[in-house]
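Given next are the chains, with one letter for each unit.
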Amino acid sequence: MPQFEPSKIRNVAVVGHRGTGKTSLVEALLFQAGAVNRLGSIEASSTVSDWDEDEHRRQMSLAASLCHLEWQGRKINLIDTPGDPGFQADTLAALRVVEGALVAVNAVNGVEVQTTRLWERCEALDLCRVVFVNMLDRERADFFAALEGIRSQLSDRCVAVQIPIGHEHELKGIVDLFHMRAYMSPEGDREGAPVDIPAEIADQAATYREQLVDSVVETDEALMERYLEEGEVSGDELAAALKNAVVAGELFPVTCGVATKNLGTTSVLDLLVEGVPSPVKKPLAAGVDGDAAAAFVFKTVADPFAGRINVFRVLAGKLASDSTLVNVRTHSKERVGQLLELQGKEHVQAQEFGPGDIGAVSKLKETVTGDVLLTQERPVELAPLEFPQPVMSFAITPKAKGDEEKMGTALRRLAEEDPTLTLRRDEQTGEQLLGGLSQIHVEVAVERLRRRFGVEVDLHQPRVPYLETIRKESRAQGRYKKQTGGRGQFGDCHIVLEPLPGHEGYEFVDKIVGGVIPQGFRPAVDKGIQEAMLHGDLAGAPVKGVRVLLVDGSYHSVDSSEMAFKIAGSLAFKSAYEKADPVLLEPIMALEAAVPDETVGAVNGDLNSRRGRLHGMEPTGSGMTSIKAEVPMAEILTYSQSLTSLTGGRGDYTLSFLRYEEVPAHIAQRIIEEARREREEAKAS
Ligand SMILES: Nc1nc2c(ncn2[C@@H]2O[C@H](COP(=O)(O)OP(=O)(O)OP(=O)(O)O)[C@@H](O)[C@H]2O)c(=O)[nH]1
Ligand SMILES: [Mg+2]
């Protein structure tokens, strides 16, 4: 594609609830604009934007995909985004680099959970929006009901610019409410000349035309005056005033069609060209104007064959092939070899990308999602990308022994591509934990490990990182004495254990007077105690929240050694620990869930059965309630499946660590017995 002036570029993210036809719509838009010459489909795995084999297998988008087309002399960059919340990292990042969003709504289901969430996100980012009510041909499709939902649940500044004639399998065409003409083409867009509006829909067309006129004249004083005087405005005047209102974010046009039949696409393309501001009107970052070039990397594709590809939005200046840039985060130089223009998975070489444009570059050394690249290093003011925290995690182990390193490397590569996929080692349990945003999210990662990197893994429920502590003071002696022939071993100490507040920390206080234990051996006692504390006697969990006073002891001038005092320390700790009323601690998590109002009772009941404590409940509007609770981690490891079934897939949640608390006695008993059994089994084998 030739270079476009920044004023002729439109950057648009296509967003919406899962399965509303976003990918099919992008396909139809590309086709209608002549960017591709056949209309691919999800069913045939032949769309431009869903090109990954996992996307084909699951028939859903798993990553953002960049496409572009030309319409009315403008270049439209389209970013097709996944609707599933498990893959929202890409969706959130895409929204950060565009001026407009094309919001897809299913004509059967109307506004859905994710529609509302994404709408709020667009609101926060102050993006212009065009709404497309899709799937008019489906059984039970009802454009007018969907429109009412859009106006009541998203914004009453949403206004229809097109309405369908007929619906389901009797869909006959579309009415253009600006010019009050009908296009009778149930398939293929606006084929043939416009005709008079059929009588069957004349009343409805008049009603929605009035709504359109009312909304538009409200935003334009001069037009309002003329309308009041003359009682009429022309279609072109109306369209021109609407354009201004959409660019200003005052109105959101709603249009409709059938993506899979390429119906309604002309109207969408026109609205995007007219209603989405060019990058000139809305600079993304401060501090980068002037002649220096700057680019913001919002997506990284880790391709095992082609290497790493970074997708960027030019913030200022021109980015050229064969140049050198500085990565603001690492301060190191990146050599830009070949720039790429993406059309789904197709790459075409590009010489340069001008301000506001979106492009890609391969083979940078260390640039990742969220980085800014500059021709000259200077401070750039740009809000960082923010991603949600993982809500679930699994312990992950390679099927083949010895594959640990390969698995780690592969997972790090996947995490480069998707920052919401997290890998960490639990220090306490020693397990590698893979965290993600949903069950599908983690499953897809596991599939990719196998297919892209040849690593087979198993997922297990992670272990709960229990701790142990003491509840009262105790005192004990540890005495180690061994006499075998020549030189023996001798160490002897008396210690006092005291609970520390908050079940946290460890302190060692040397209270020895008069050298009953020589100075040089006392640290060995401390060491022996700390080693013993790694595995408490209840469930083998680490012991925390203890102050140790070393109060007395004795030694032998020949047989004493550091080793002997270490053992003595550990013996003293074990015997004092038993008498200090030890107790098991478990992590408590803060849960925040958003669930449909009508499921609140069921969700609370379920939380109750998980030993959850409810802390607050608040309706958030649009039929959802936010629930705050504290729940022991052990009870919420598999919450995702339950919440999905309790809320019909409409609820979601986040968890964060809060504090440790004592495990109730009857539950602790079970955990302790189980840990004992495990230790015995481990010993036996
Ligand atoms: N009948 C009918 N089916 C459609 C229409 N648009 C899309 N579909 C079908 O609906 C399903 C989902 O379409 P997609 O284009 O994958 O929807 P999406 O919004 O991209 O889905 P995600 O990326 O998973 O969020 C596919 O089977 C499409 O063929 C339409 O207008 N009419
Ligand atoms: Mg899709």
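Everything in this summary refers to the structure shown in the same document. (Residues numbered from 1 in each chain as written. Chains lettered and ligands numbered in written order. Predicted model: local features only at pLDDT ≥ 70, side-chain atom pairs only at ≥ 80, totals over all residues. Heavy atoms only, no water.)

## Description of the overall build of the protein
Here's step 1: Counting its regular elements, the protein contains 16 helices and 33 strands.
Here's step 2: Referenced to the eigenvectors of the C-alpha coordinate spread, the extents of the protein come out at roughly 110 × 60 × 45 Å.
Here's step 3: Restricting the contact set of the protein to residue pairs at least 6 apart, pairs at least 24 apart contribute 73%.
Here's step 4: Side chains of the protein carry 75 positive and 103 negative charges; the gap between the two charge centres is 9 Å. (Helix = DSSP H or I, 4+ residues; strand = E, 2+ residues; numbered from the N terminus. Contact = heavy atoms within 4.5 Å. Lys, Arg positive; Asp, Glu negative; His and termini not counted. Charge placed at Lys NZ, Arg CZ, Asp CG, Glu CD.)

## A closer look at the pattern of salt bridges
Here's step 1: Scanning the model with the defined rule gives 44 salt bridges in all.
Here's step 2: Across the pair D54 and R451 runs a salt bridge, and its minimum N-O distance is 2.4 Å. One end of the pair, D54, is in helix 2 (residues 53-58); the other, R451, is in helix 11 (residues 439-453), and 397 residues separate them in sequence.
Here's step 3: Its relative accessible area of 3% is what places D54 among the buried residues.
Here's step 4: Taking the shortest distance from any N to any O, the salt bridge between E341 and K75 comes out at 3.3 Å. One end of the pair, E341, is in strand 16 (residues 339-343); the other, K75, is in strand 3 (residues 74-80), and 266 residues separate them in sequence. Here E341 matches K75 in class, with each residue buried.
Here's step 5: Each of D52, E53, D54, R57, R58, E417, E443, E447, R448, R451 and R452 takes part in salt bridges that share partners, so that together they form one network. (Salt bridge = Lys/Arg side-chain N within 4 Å of Asp/Glu carboxyl O. Buried < 20%, exposed > 50% of the residue type's maximum accessible area, 1.4 Å probe, protein only.)

## Quick look at the coordination of the magnesium ion (ligand 2)
Each angle at a metal carrying four tetrahedral donors should ideally be 109.5 degrees, and each at a metal carrying six octahedral donors should ideally be 90 or 180 degrees.
Here's step 1: With distances of 2.0 Å, the protein atoms coordinating the magnesium ion (ligand 2) are T23 (OG1) and S61 (OG). Separated by 38 residues along the polypeptide, T23 in helix 1 (residues 22-32) and S61 in the loop between helix 2 and strand 2 (65-71) bring together distant segments of the chain.
Here's step 2: By relative accessible area, T23 is classed as buried at 6%. (Donors = N, O, S within 2.8 Å, 3.2 Å for Na, K, Ca; no water.)

## Topic: empty space enclosed by the protein
Here's step 1: As enumerated under the stated definition, the model contains 4 cavities of 30 Å³ or more in all.
Here's step 2: Roughly 170 Å³ of volume is contained in the largest cavity.
Here's step 3: In terms of lining residues, the largest cavity is bounded by 14 residues, among which L62, F87, E417, D418 and R448 are the most central.
Here's step 4: Sorting the residues of the lining of the largest cavity by element identifies helix 3 (88-96), helix 10 (404-417) and helix 11 as the ones contributing at least two each.
Here's step 5: In terms of residue count, the dominant contributor to the lining of the largest cavity is helix 11 (4 residues).
Here's step 6: Class assignment of the residues belonging to the lining of the largest cavity gives a composition of 8 nonpolar, 1 polar and 5 charged. (1 Å grid on protein atoms, 1.4 Å probe; cavity = no way out; pocket = protein on both sides within 12 Å on 5 of 7 lines; lining within 4 Å. Points joined across faces, edges and corners; volume = space filled by probe spheres on them. Nonpolar A, V, L, I, M, F, W, Y, C, P; charged D, E, K, R; others polar.)

## Some thoughts on the sheet that holds strand 6 (residues 158-160)
The strands making up a sheet are joined through hydrogen bonds of the backbone, oriented either antiparallel or parallel.
Here's step 1: Here we have 7 strands laid out as an open sheet, ordered 2-3-1-4-5-10-6, and mixed in their pairing. Edge positions in the open sheet fall to strand 2 and strand 6, since each of these has one partner strand only. Put simply, the sheet's adjacent strands are angled 25° from each other on average, direction ignored.
Here's step 2: Bridge analysis of strand 4 (residues 100-106) against strand 5 (residues 128-134) gives 7 bridges, and the strand direction is parallel. Of the residues in strand 5, the one forming a bridge with V103 is V131. (Pairing = 2+ DSSP bridges. Axes fitted to C-alpha atoms, helices over the stretch in contact; angles between N-to-C directions.)

## Let's talk about the packing of helix 8 (residues 235-247) against helix 9 (residues 265-275)
Here's step 1: Between helix 8 and helix 9, the least distance of the axes is 8 Å, while the angle of their chain directions is 65°. Residues L242, K243, V246 and V247 of helix 8 form the contact with helix 9, whose own contacting residues are L271, E274 and G275.
Here's step 2: Classifying every residue of the contact of helix 8 with helix 9 gives 4 nonpolar, 1 polar and 2 charged.

## Points about the pairing of strand 27 (residues 489-499)
Here's step 1: With 9 of 11 residues buried, strand 27 is to be regarded as a mostly interior element.
Here's step 2: Relative to strand 27, strand 26 (residues 474-482) is paired through 9 bridges, and the arrangement is antiparallel. Residue G478 lies in a different strand from strand 27, and its bridge partner there is C493.
Here's step 3: Between strand 26 and strand 27, which pair antiparallel and follow one another directly, the connecting turn spans 6 residues, one of which, G485, has a positive phi of 65°.
Here's step 4: Examined bridge by bridge, strand 27 and strand 29 (residues 546-554) share 8 bridges and lie antiparallel to one another. If you follow V496 over to strand 29, its bridge partner there is L549.

## Details of the site of ligand 1
Here's step 1: For ligand 1, the set of nearby residues contains 19 residues, the closest of which are R18, K22, S24, E43 and S61.
Here's step 2: One nitrogen or oxygen atom from the main chain of T20 is found 3.1 Å from an oxygen atom belonging to ligand 1.
Here's step 3: Between ligand 1 and M135, the relevant distance is 3.3 Å, taken from an oxygen atom to a main-chain nitrogen or oxygen of the residue.
Here's step 4: When the free accessible area of ligand 1 is taken as 650 Å², the share hidden by the protein chains comes to 90%.
Here's step 5: The dominant element in the shell around ligand 1, judged by the number of residues it contributes, is helix 1, at 3 residues.
Here's step 6: Tallied by class, residues from the shell around ligand 1 come to 5 nonpolar, 9 polar and 5 charged. (Near = heavy atom within 4 Å. Polar contact = N/O pair within 3.5 Å; in protein donor to acceptor, adjacent residues only side chain to side chain. Areas by Shrake-Rupley, 256 points an atom, 1.4 Å probe, with all protein chains shown as cover.)

## Remarks on helix 4 (residues 113-125)
Side chains three or four residues apart in an α-helix point the same way, a direct result of the helix having 3.6 residues per turn.
Here's step 1: In a regular helix each residue adds 1.5 Å, so 13 residues correspond to 18 Å; helix 4 covers 19 Å between its end C-alpha atoms and thus fits that length.
Here's step 2: Along helix 4, the residues classified as buried are V113, Q114, T115, T116, L118, W119 and C122.
Here's step 3: Downstream of helix 4 by one or two residues, D126 has phi in the positive range, about 60°. (Expected span 1.5 Å × (residues − 1).)

## So, the layout of surface pockets
Here's step 1: Empty space within the largest pocket amounts to approximately 1400 Å³.
Here's step 2: For the lining of the largest pocket, the secondary-structure elements that each account for two or more residues are helix 3, helix 4, helix 11, strand 30 (582-596), strand 31 (613-621), strand 32 (624-632), helix 15 (639-647) and strand 33 (652-662).
Here's step 3: Looking at which element gives the most residues to the lining of the largest pocket, the answer is helix 4, with 7 residues.
Here's step 4: Of the residues assigned to the lining of the largest pocket, the class counts are 16 nonpolar, 21 polar and 11 charged.
Here's step 5: If you add up the space inside the second largest pocket, you get close to 820 Å³.
Here's step 6: In this structure, the second largest pocket is lined by 27 residues; those nearest its centre are R463, V464, Y466, A539 and E678.

## What about the state of the cysteines?
Here's step 1: Summed over the entire model, instances satisfying the criterion amount to 0 disulfides.
Here's step 2: Between C158, a cysteine without a disulfide, and C122, which holds the nearest cysteine sulfur, the sulfur-to-sulfur distance is 11 Å.
Here's step 3: Counting only cysteine sulfurs, C158 is the nearest neighbor of C256, a cysteine outside any disulfide, at a range of 14 Å. (Disulfide = S-S within 2.5 Å.)

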